[in-house]
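# Chain and residue survey
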Amino acid sequence: MKKIAIIRCEKNMDRCPLTNCFKCLMGTEEGFEIYEDCIPAGVFTCRCPGDVAVDLSKILKAKGAEAIHFCTCTFAEKKDKGWFMENGGFCENIDEIIAKVNKETGIPCVKGTAHLPKDYRIKTWS
Ligand code: SF4
Ligand code: SF4
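The following refers to the structure shown. Values in this document were obtained by computation on a predicted structure and should not be read as measured data. (Residues numbered from 1 in each chain as written. Chains lettered and ligands numbered in written order. Predicted model: local features only at pLDDT ≥ 70, side-chain atom pairs only at ≥ 80, totals over all residues.)

### Quick look at the site of ligand 2
The cut-off we apply is this: Nearness rests on one distance test: the residue's C-beta atom, set from the backbone, must lie within 6 Å of the molecule or strand. Residues are grouped as follows: Ala, Val, Leu, Ile, Met, Phe, Trp, Tyr, Cys and Pro are nonpolar; Asp, Glu, Lys and Arg are charged; every other residue, Gly included, is polar.
Neighbouring residues of ligand 2: 14 residues in total, closest Cys-9, Cys-46, Cys-48, Gly-50 and Cys-91. Its residues assigned to classes, the shell around ligand 2 comprises eight nonpolar, three polar and three charged.

Next up, the structure:
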């Protein structure tokens, strides 16, 4: 059973309590379909400009997280007919942030949690 942590964006922290992120994690759906089984290991909130993500990830790793997923709303936005990547999401630098977390902590990282945009292929750093 994989222990999976989530990092969300502060720009959405007062609007979404990660409802679909957790639903998908517990059901191994969407961004979590890469696991046979997984349980939550913890959640942290990134804060701009994102430098804190490495330290937060070190703590998550120390607490037992085996991988960290970054929320879909960091790179996609909701429209009438679903979630789309054309205009990005809350974070312009999410790929750089994820790459830095992976490089400096060694923990596998995954871009995406719930409601993945159509045709998005799950991107991982391992
Ligand atoms: S990815 Fe969706 S469910 Fe998760 S925090 Fe963002 S808006 Fe909420
Ligand atoms: S750096 Fe990106 S992910 Fe982190 S809080 Fe700012 S916009 Fe959100």
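What follows picks up the thread again.
### Here's the deal with the site of ligand 1
For clarity, the cut-off: Runs of H or I in DSSP of at least four residues are treated as helices and runs of E of at least two as strands, each being numbered from the N terminus.
Taken together, 13 residues are adjacent to ligand 1, and Cys-16, Asn-20, Cys-21, Cys-71 and Cys-73 come closest. Among the elements that take part in the shell around ligand 1, helix α1 (residues 19-27) stands out by supplying three residues, more than any other. Its residues assigned to classes, the shell around ligand 1 comprises six nonpolar, six polar and one charged.

### Details of the nonpolar core
Rules: By our criterion, buried Ala, Val, Leu, Ile, Met, Phe, Trp, Tyr and Cys residues that link up through C-beta atoms within 7 Å make up a nonpolar core. Think of it as a crowd count around each C-beta: if 20 or more other C-beta atoms lie within 10 Å the residue is buried, if 12 or fewer it is exposed, and in between it is partly exposed, with C-beta placed from the backbone throughout. C-beta atoms are placed from the backbone for every residue, and two residues are taken to be in contact when these atoms lie within 7 Å.
Grouped together as the largest cluster of nonpolar side chains are 30 residues, with contacts concentrated most on Ile-4, Ile-7, Ile-68 and Cys-109. Of all the elements in the fold, those that place two or more residues in this core are β1 (2-9), α1, β2 (38-46), α2 (52-62), β3 (67-70), α3 (94-105) and β6 (109-111). Among the elements that take part in this core, β1 stands out by supplying five residues, more than any other. For Ile-7, the residues in contact, after removing those within four places along its chain, are Phe-44, Cys-46, Ala-53, Leu-56, Ile-68 and Phe-70.

### Some thoughts on α1
Note the cut-off: The directions from the helix axis to the C-beta atoms form the arc being described.
Among the residues of α1, Cys-21, Cys-24 and Leu-25 are the ones counted as buried. Seen along its axis, α1 keeps its buried residues to an arc of 100°; they face one direction. Turned more than 90 degrees away from the buried face of α1 sit Thr-19 and Gly-27, all of them exposed. Against β1 and β2 lie the buried residues of α1. Directly after α1, the chain includes Thr-28, whose backbone phi takes a positive value near 45°.

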